[in-house]
Amino acid sequence: KAGVTQTPRYLIKTRGQQVTLSCSPISGHRSVSWYQQTPGQGLQFLFEYFSETQRNKGNFPGRFSGRQFSNSRSEMNVSTLELGDSALYLCASSSDLNAAGNTIYFGEGSWLTVV
Amino acid sequence: QKEVEQDPGPLSVPEGAIVSLNCTYSNSAFQYFMWYRQYSRKGPELLMYTYSSGNKEDGRFTAQVDKSSKYISLFIRDSQPSDSATYLCAMATGGGNKLTFGTGTQLKVEL
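What this report covers is the structure whose coordinates are included nearby.

Criteria and cut-off values
Chains are numbered independently. Their residues run from 1 in the order of the written sequence. As they are written, the chains are lettered A onward and the ligands numbered 1 onward, keeping that order. Only residues with pLDDT of 70 or above have their local features reported here, since the model is predicted, and side-chain atom pairs are shown and tallied only from 80 upward, although totals for entire chains, interfaces and linings are computed over all residues. In computing side-chain values, all of the structure's heavy atoms are included and hydrogens and water are not. Here the rule is simple: two strands pair whenever DSSP picks up at least two bridges between them. Helix and strand definitions here come from DSSP, where helices need a minimum of 4 consecutive H or I residues and strands a minimum of 2 consecutive E residues; each element is numbered from the N-terminal end. Under this scheme, a helix contributes an axis fitted over its contacting stretch, all axes are lines through C-alpha atoms, and angles between N-to-C directions fall in the 0 to 180 degree range. By disulfide we mean two sulfur atoms from cysteines, separated by a distance within 2.5 Å. Exposed residues in this analysis have more than 50% of their type's maximum accessible area, buried residues have under 20%, and partly exposed residues fall in between, with area computed by a 1.4 Å probe over protein chains only. Counted as salt bridges are all cases of a side-chain nitrogen of Lys or Arg within 4 Å of a carboxyl oxygen of Asp or Glu.

### Focus on the sheet that holds strand β7 (residues 64-68) of chain A
Residue and element names in this part refer to chain A. Ordered in space as β1-β3-β8-β7, the 4 strands form an open sheet in which the pairing is antiparallel. Only two strands of the sheet have a single neighbouring strand rather than two, namely β1 (5-7) and β7. Averaged over all adjacent pairs, the angle separating strand axes in this sheet is 20°, with direction ignored.

Written out as structure tokens, the structure is:
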């Protein structure tokens, strides 16, 4: 069974640009969550989607947005990139509505560098 | 103040040592507790999951939860160089799939 797949794995963007990251969850999983990981702040929750609906949102500015498609694949977008957006962006998927951590699986992440 | 506090380390131990990793939390609504291991440039992988106070053992790993003190621990027995990684504690309230993480402790097990 394939794991959570994230693309692209590495990318470099210029300040002010926008970026779109993609996540394909494990087959059959309908919940997709996104996290930002930085050395100073650790992993911080961005948002969660379940069956195309945003269920939960973290404390990030509106420049960070996401969506989920009918096949459960998800994308997140960051507009007007800032240097501080440089981070590892992780996607996690689950088959459960309320997994509470027990059946949440992470992808390997997308490394974003903003210059 | 962060909801979950974790000593970032780095922690360096000799092979075969017992490792103790700890997190404290302030949110009483956290009911589910996890430990993840993350190797360099990889995503986190779930090591231990528990939802009750007390100990849970899985091979060389033991997770301990003390809800009254809002304190969780992970013990690694007979540590191996392959255990060298960053260990993240994570918590959930149970409403949905949102996890709140500690900042991670970097562990190095030396030969």
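### Things to note about the sheet that holds strand β7 (residues 61-66) of chain B
All names here are of chain B. Pairing within the open sheet is antiparallel, and its 5 strands lie in the order β1-β3-β8-β7-β6. For this open sheet the edge positions go to β1 (4-6) and β6 (54-58), each flanked by a neighbour on one side alone. The sheet shows a mean angle of 20° between the axes of neighbouring strands, taken without regard to direction. Note: strand β3 (residues 19-25) against strand β8 (residues 71-76), 6 bridges, orientation antiparallel. Paired with C23 across the strands is I72, a residue of β8.

### Some details on the state of the cysteines
Applying the stated criterion across every chain yields a total of 2 disulfides over all chains. Paired through a disulfide, C23(A) and C91(A) show a sulfur-sulfur distance of 1.8 Å. Here C23(A) and C91(A) share a disulfide; its torsion about the S-S bond, -65°, makes the bridge left-handed. Of this pair, C23(A) sits in strand β3 (residues 19-24) while C91(A) sits in strand β9 (residues 87-94), and the two are 68 residues apart along the sequence. Taken individually, C23(A) and C91(A) each receive the classification buried, so the pair is uniform in this respect. Residue C23(B) pairs covalently with C89(B) via a disulfide, S to S 2.0 Å. Across the S-S bond of C23(B) and C89(B) the torsion is about -100°, and the bridge reads as left-handed. Placement of the pair is C23(B) in strand β3 and C89(B) in strand β9 (residues 85-92), with a sequence separation of 66 residues. Residue class for C23(B) comes out buried when judged on its relative accessible area of 1%.

### Overview of the pattern of salt bridges
Counting across every chain of the model gives 10 salt bridges over all chains. Its salt-bridge partner being R63(A), residue E82(A) comes within 3.6 Å of it at the nearest N-O pair. Here the residue E82(A) occupies a position in the loop between β8 (74-78) and β9, and R63(A) occupies one in the loop between β6 (53-57) and β7, the gap between them amounting to 19 residues. A salt bridge links D83(B) to R60(B); the shortest N-O distance between them is 2.9 Å. One end of the pair, D83(B), is in the loop between β8 and β9; the other, R60(B), is in the loop between β6 and β7, and 23 residues separate them in sequence. Given a relative accessible area of 1%, D83(B) falls into the buried group.

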